[in-house]
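# Structure assessment
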Amino acid sequence: MDVNREDHRMVDAGAVRLAYRVSGAPDARPLLLLHALGEGAADWAGVVEAFTAHRRVYAVELRGHGRSEWPGEYSLDSMRDDVLGLMDALGLDQVDVIGHSLGGLVAYLVASERPERVRRLVLEDVGVPLPREPGVPARPEGDLPFDWEMVLAVREQIDTPDPRWLERLGRITARTLVVAGGPASHIPQERVAELARRIPDGRLVTIPAGHLVHAAEPEAFAEAVLPFLRAESPR
């Protein structure tokens, strides 16, 4: 069996059907990969092989993206619930999770909503949920591999986050690695560092590659993340 071969699948996650790619040995510990805004499962292509050597990897496409359903109703809470629904449908009681940007936000919402279901959490260049200056993004021309209405809904929530998201970071029990992209990133790095401080068992590492750390520096990203995922808990 070629454990590095990716199978493209769909699953009923409750409110929506989600697309995902799965690879790695079926009996290995499950690892969810959650992509950034406007991306999809293919965004992890540069690092997924490194993870399949040690994990059963599920690269999920969030609602409104790629082959997943575009239901027209979007919120970060619904994306959180979709991920939990996917875990239920696939029989994944406890997982490790890597989330980049939007996917990182969804990942820490999952980990704060159901702390017992996330063992290790990796948050790639995502900031603490505090209000920011609103902006109106310009729609790119042509057909898009994601629903533009989803972008508008999600951006509004990120600009004015639910105060409970910040309060509930303290509920996360997963050992957490926050990967900062350094000064080349458009994400304020003080907010990334603040996220690491707010999570009880969080720590920060900086890979100066900009916002797209896993894409720009896949080897450095894997070298930072894999030992963290594989380390035994001191508790």
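Keep in mind that what you see is a predicted model, and the values were worked out from it rather than measured. (Residues numbered from 1 in each chain as written. Predicted model: local features only at pLDDT ≥ 70, side-chain atom pairs only at ≥ 80, totals over all residues. Heavy atoms only, no water.)

## Notes on the sheet that holds strand β4 (residues 56-60)
Formally: Only strands that DSSP links by at least two bridges are regarded as paired with each other. Numbered from the N terminus, helices here are DSSP runs of H or I no shorter than four residues, and strands are runs of E no shorter than two. Comment: axis = line fitted to C-alpha atoms, over the contacting stretch for helices; angle = value between 0 and 180 degrees taken between N-to-C directions. Note on contacts: a residue pair is in contact if any heavy atoms of the two residues lie within 4.5 Å.
Within the open sheet, the eight strands sit side by side as β1-β2-β4-β3-β5-β6-β7-β8. Their pairing is mixed. In this open sheet, the two edge strands, each paired with only one partner strand, are β1 (7-12) and β8 (202-206). Pairs of neighbouring strands in the sheet enclose a mean axial angle of 20°, with direction left out of account. Where strand β3 (residues 30-34) and β4 come together, five bridges link them in parallel fashion. For L31, the partnering residue across the bridge sits in β4 and is V57. Along the sheet face, helix α3 (residues 102-113) touches β3, β5 (95-100) and β6 (118-124) and points at about 155° away from the line of β6. Contacts from helix α8 (residues 218-230) reach β3, β5, β6, β7 (175-180) and β8 within the one sheet, and its direction differs from that of β6 by about 160°.

## Some words on the pairing of β5
Stated formally: Buried residues are those whose accessible area, probed at 1.4 Å on protein chains only, stays under 20% of the maximum for their type, while exposed residues exceed 50% and partly exposed ones sit between those limits. The crossover handedness rule: strands pointing away from the viewer, path from first strand over the helix to second strand clockwise, crossover right-handed.
Across the six residues that make up β5, a large majority, six, are buried. Both faces of β5 are covered, namely the face carrying V95, V97 and G99 and the face carrying D96, I98 and H100. Inspection of the sheet shows β3 paired to β5 by four bridges, in the parallel sense. By the bridge assignment, L33 is partnered in β5 with I98. Here β5 pairs with β6 via six bridges, running parallel. Each bridged residue has a counterpart across the sheet, and for G99 the counterpart in β6 is L123. Crossover β5 to β6 through α3 is right-handed.

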